[in-house]
Amino acid sequence: MKFFVDTAEIEEIRALAETGMVDGVTTNPSLIMKSGRNILEVTKEICDLVPGPVSAETVATDAEGMIAEGRKLAAIAPNIAVKVPLTWEGLKACKALTDEGRMVNVTLCFSANQALLAAKAGATFISPFIGRLDDIGMDGMELIQEIRQIYDNYHFSTEILAASIRTVNHVKAAALIGADVITAPPAVIKALASHPLTDKGLDAFLKDWAKTGQTILG
Ligand code: E4P
């Protein structure tokens, strides 16, 4: 399973990348706004830091505009995945951009049928939003399961990028289902390493070690 980090904060990406946990990055207009940075500049810096796919989102609402923006974003670096919304215009742009050999991440997916269309339009990634479905009392993970089954039934190569991940339990459930990628905020990725029994066990080991009076490095 690949881990993408869902942020446009360079220092957070750099810190996580040092652990080898960053296979790619996803951004969106809200994350760019939060970073306070220029989209072209910050995206370039991210691409220089992370060799894997870096999603940069278009903001036009018509296919022609998305294609033009997508080409400009893709010119930033070879590892850009152009993000387009799951609208009919977005699907048209997806087809055109993938036909040009570019990676495309179709975002804002909330149904299995939408995911089916994205795969048929040649999407590199489909981004179903788990947390936002949970927020309205639906089951985001059920959507991941449905898409997995449909893509497997027809051997689509589009990768399922489980997005809008809010908790460590989302990560585990997506992994059990077989999502190809998760994208999560840095705090959720870091929280995956935490367990109270690890902390308790380490504390006990260190206390016993201190009683031995030994040092390993001499
Ligand atoms: C994915 O690409 C999106 O940027 C992100 O996962 C959305 O998450 P949110 O619903 O927490 O904003």
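That block above? That's the structure.
What counts as what
Residues numbered from 1 in each chain as written. Predicted model: local features only at pLDDT ≥ 70, side-chain atom pairs only at ≥ 80, totals over all residues. Heavy atoms only, no water. Near = heavy atom within 4 Å. Polar contact = N/O pair within 3.5 Å; in protein donor to acceptor, adjacent residues only side chain to side chain. Salt bridge = Lys/Arg side-chain N within 4 Å of Asp/Glu carboxyl O. Helix = DSSP H or I, 4+ residues; strand = E, 2+ residues; numbered from the N terminus. Buried < 20%, exposed > 50% of the residue type's maximum accessible area, 1.4 Å probe, protein only.

Undergrad: How should I be thinking about the site of the ligand in this particular structure?
TA: Lining the immediate environment of the ligand, one finds Asp-6, Thr-26, Asn-28, Lys-83, Phe-129, Arg-132, Ala-163, Ser-164, Arg-166 and Thr-183. Lys-83 has a polar side-chain atom sitting 2.7 Å from an oxygen atom of the ligand.

Undergrad: What's the story with the pattern of salt bridges in this structure? I'm lost.
TA: Pairing between side chains of opposite charge can happen when the charged atoms of each approach one another. Inspection of every chain in the model, using the stated rule, returns 14 salt bridges. Salt-bridge contacts for Glu-57 lead to Lys-83; the nearest nitrogen and oxygen are separated by 3.7 Å. Of this pair, Glu-57 sits in strand S3 (residues 54-57) while Lys-83 sits in strand S4 (residues 80-85), and the two are 26 residues apart along the sequence. For the pair formed by Glu-57 and Lys-83, the shared burial category is buried. Linking Lys-92 and Glu-89 is a salt bridge whose minimum nitrogen-to-oxygen distance equals 2.9 Å. In this pair, Lys-92 and Glu-89 both sit in helix H5 (residues 88-99), three residues apart, roughly one turn of the helix. Note on Glu-89: relative accessible area 25%, which makes it partly exposed. Here the residues in one salt-bridge network are Arg-71, Glu-100 and Arg-102, joined through shared partners.

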